[in-house]
Structure formats: structure tokens, C-alpha cells
Amino acid sequence: MPSYKLYYFDFRGLAELPRLIFKQAGVDFQDIRFSREEWPQHKPDFPLKTVPVLEVDGRQITQSMAITRYLAKEFGLFGSNNIEALLIDELMEIFAEIRNNHLGKIYSEQDETKKTELINAFKTTNAPVYFNLVEKRMKENKSGSGFYVGAKVSVADLLIYNSMFAIRDRLKKTGVDLFEGRTLFEEHYKRVDALPNIAKWVKERKVTDL
Ligand SMILES: N[C@@H](CCC(=O)N[C@@H](CS)C(=O)NCC(=O)O)C(=O)O
């Protein structure tokens with residue numbers, strides 16, 4: 001087994017999905033976290049001057065989604081065949097699109113009234129298009145009573161779980177729940193939350209704003 005070091009800030013952010021993969025797989029890694037004050041002195045050490053960076057046996061790899069895919073494949077969390085892998089990739093792109101094209105703008109809105117308007121607009125227009133497809137995919141596998149693909153947990157499950165947690169946490173002040181009434185998402189969340197390694201990690205991880 002290679003030696004793994006994961007460099008990021010002292011919050012969940014873009015490193016939390018890789019962390020969840022390590023935890024679910026039960027694989028040791030060094031979870032190296034910089035404070036905002038420490039960051040400027042470390043920034044020059046990284047290839048793109050950003051984090052997360054995964055160091056695998058001393059080799060530094062950038063880009064959170066590449067890191068996520070690599071770790072999931074290494075630890076058997078990327079589906080059992082190419083169709084399952086395709087569905088996982090589709091889901092990863094859906095959530096990347098939601099973050100890049102929609103939530104990013106909403107999160108950066110400083111005016112709370114405007115922010116709430118933007119979220120409500122997203123909830124009634126684009127969000128259902130994305131979430132209805134995710135629910136359709138859930139129903140296609142054991143009528144939505146199991147994991148996202150196949151018979152075992154994959155990075156897709158960890159991604160949905162992590163995204164639901166992060167989105168709800170980030171929007172809690174607005175009182176808007178993007179997943180309101182979405183029973184399949186809710187049940188799926190509880191299923192992942194009950195995985196022993198995940199439950200342990202969520203209980204012990206530091207509570208942070210991001
Ligand atoms: N596309 C990159 C984005 C990396 C990125 O922008 N990281 C931010 C933190 S979320 C960062 O390092 N910011 C500090 C800086 O730019 O100095 C990824 O997904 O890993």
C-alpha cells in the first residue's frame with residue numbers, strides 16, 4: 001500500500017470526499033490541514049499553488065475530482081463494471097455542474113435576502129431537473145432501496161451524502177432545504193450515515209463552516 005498524504009485547509013471543502021473515501025475504505029492517510037495564516041508559506045510548495053493535493057509515495061497530484069476518482073478506483077469504490085462506472089461519472093458531473101453553474105454564485109451572494117431569492121429560484125427551476133434524474137437513477141437500482149449503483153457502496157453514495165450535508169449546512173441560515181420532500185435522497189442519506197466507518201468519522205471530525 002502506498003503512503004498517502006492529503007493536503008488541504010482545516011475544513012471539509014474539496015478534501016472531504018477524498019477523506020470519506022479513505023475512511024470508508026479503512027485506509028490510513030495523513031490528513032494535513034493548513035490554517036489560513038499558515039497557507040501563504042506553504043502555497044509555493046504545490047504544483048498549481050492550490051490544494052487539495054494528494055501525495056502518493058511522495059508524488060504530488062492536484063485536482064480534487066481526479067484525486068477522488070483515483071482513490072475510489074484504488075479502493076474498489078468505483079462500481080463493479082463500466083456501466084456502473086458510467087453512472088458514477090454521470091453523477092459526479094451533475095454535482096460538479098450544480099456547484100460550478102449554480103451554487104457557487106448563490107454561496108458568494110452576500111445579501112441574505114437576495115441569496116434566499118436565488119436559492120428559491122434554483123429550487124424551483126434547475127434543481128428539479130438534476131435531482132429528478134438522480135432519483136430516477138436511484139429507482140433504477142433496487143427501486144431506490146439500496147446504494148446508487150450495484151450491490152455495494154461506491155463513491156457515488158459518498159458524493160450524494162457529502163453534497164447533501166454540505167449544501168444543507170451552507171444554506172441553513174436561509175431556511176431553504178433543496179432536498180425537501182425528496183424521500184429517496186433522505187433514505188439514501190440515512191443509509192450512508194449508518195455505515196460504521198462513515199458514522200465514526202462524522203462523529204469525530206472537526207465541525208467547520210465549510
Ligand atoms: N480545480 C481545483 C481547485 C483547487 C482550488 O481552487 N483550491 C482552493 C481551495 S478550495 C485553494 O487552494 N485556494 C487557495 C489559493 O488559491 O491560494 C480542484 O478541484 O482541486
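Everything numeric in this text was worked out from a predicted model, so none of it was measured.

> Break down the UniProt feature "domain: GST N-terminal" (unreviewed entry) in the chain for me, citing the residues and quoting the values.
On the UniProt side, "domain: GST N-terminal" (unreviewed entry) is annotated at positions that read residues 2-79 here. What you have in residues 2-79 is 32% helix and 24% strand, and the ends, taken at the C-alpha atoms, are 22 Å apart.

> Help me get a handle on the layout of surface pockets, residues and values and all.
The calculated volume of the largest pocket comes to roughly 610 Å³. Lining the largest pocket are 28 residues, with Gly 13, Leu 14, Arg 99, Tyr 107 and Ala 166 positioned closest to its centre. Elements that contribute at least two residues to the lining of the largest pocket include exactly helix 1 (16-25), helix 3 (64-74), helix 4 (82-108) and helix 7 (155-171). Considered class by class, the residues forming the lining of the largest pocket number 16 nonpolar, six polar and six charged. Two domains each provide a minimum of three residues to the lining of the largest pocket, namely domain 1 (4-76) and domain 2 (82-195). If you add up the space inside the second largest pocket, you get close to 330 Å³. Taken together, Tyr 107, Glu 109, Gln 110, Glu 112, Lys 115, Asp 169, Arg 170, Lys 172, Lys 173, Thr 174, Asp 209 and Leu 210 form the lining of the second largest pocket. When residues of the lining of the second largest pocket are traced back to their parent elements, those giving at least two are helix 5 (112-124) and helix 7. Grouping the constituent residues of the lining of the second largest pocket by class yields two nonpolar, two polar and eight charged.

> Describe the pairing of strand 1 (residues 4-9), naming the residues involved and giving the relevant values.
Within strand 1, five of the six residues are buried, which leaves it mostly tucked inside the rest of the structure. Sheet topology note: the strand 1/strand 3 (residues 53-56) ladder contains four bridges and is antiparallel. Its bridge partner lying in strand 3, Leu 6 is registered against Leu 54. Direction of pairing for strand 1 relative to strand 2 (residues 30-34): parallel, over a ladder of five bridges. In the strand pairing of strand 2, Tyr 7 is matched with Ile 32. Regarding the hand of the β-α-β motif, the stretch spanning strand 1, helix 1 and strand 2 is right-handed.

Quick notes on the rules
- Residues numbered from 1 in each chain as written.
- Predicted model: local features only at pLDDT ≥ 70, side-chain atom pairs only at ≥ 80, totals over all residues.
- Heavy atoms only, no water.
- UniProt positions renumbered as here; feature names shortened; annotations may be inferred.
- Helix = DSSP H or I, 4+ residues; strand = E, 2+ residues; numbered from the N terminus.
- 1 Å grid on protein atoms, 1.4 Å probe; cavity = no way out; pocket = protein on both sides within 12 Å on 5 of 7 lines; lining within 4 Å.
- Points joined across faces, edges and corners; volume = space filled by probe spheres on them.
- Nonpolar A, V, L, I, M, F, W, Y, C, P; charged D, E, K, R; others polar.
- Domains from an automatic or database assignment.
- Buried < 20%, exposed > 50% of the residue type's maximum accessible area, 1.4 Å probe, protein only.
- Pairing = 2+ DSSP bridges.
- Right-handed = clockwise from strand over helix to strand, strands pointing away.

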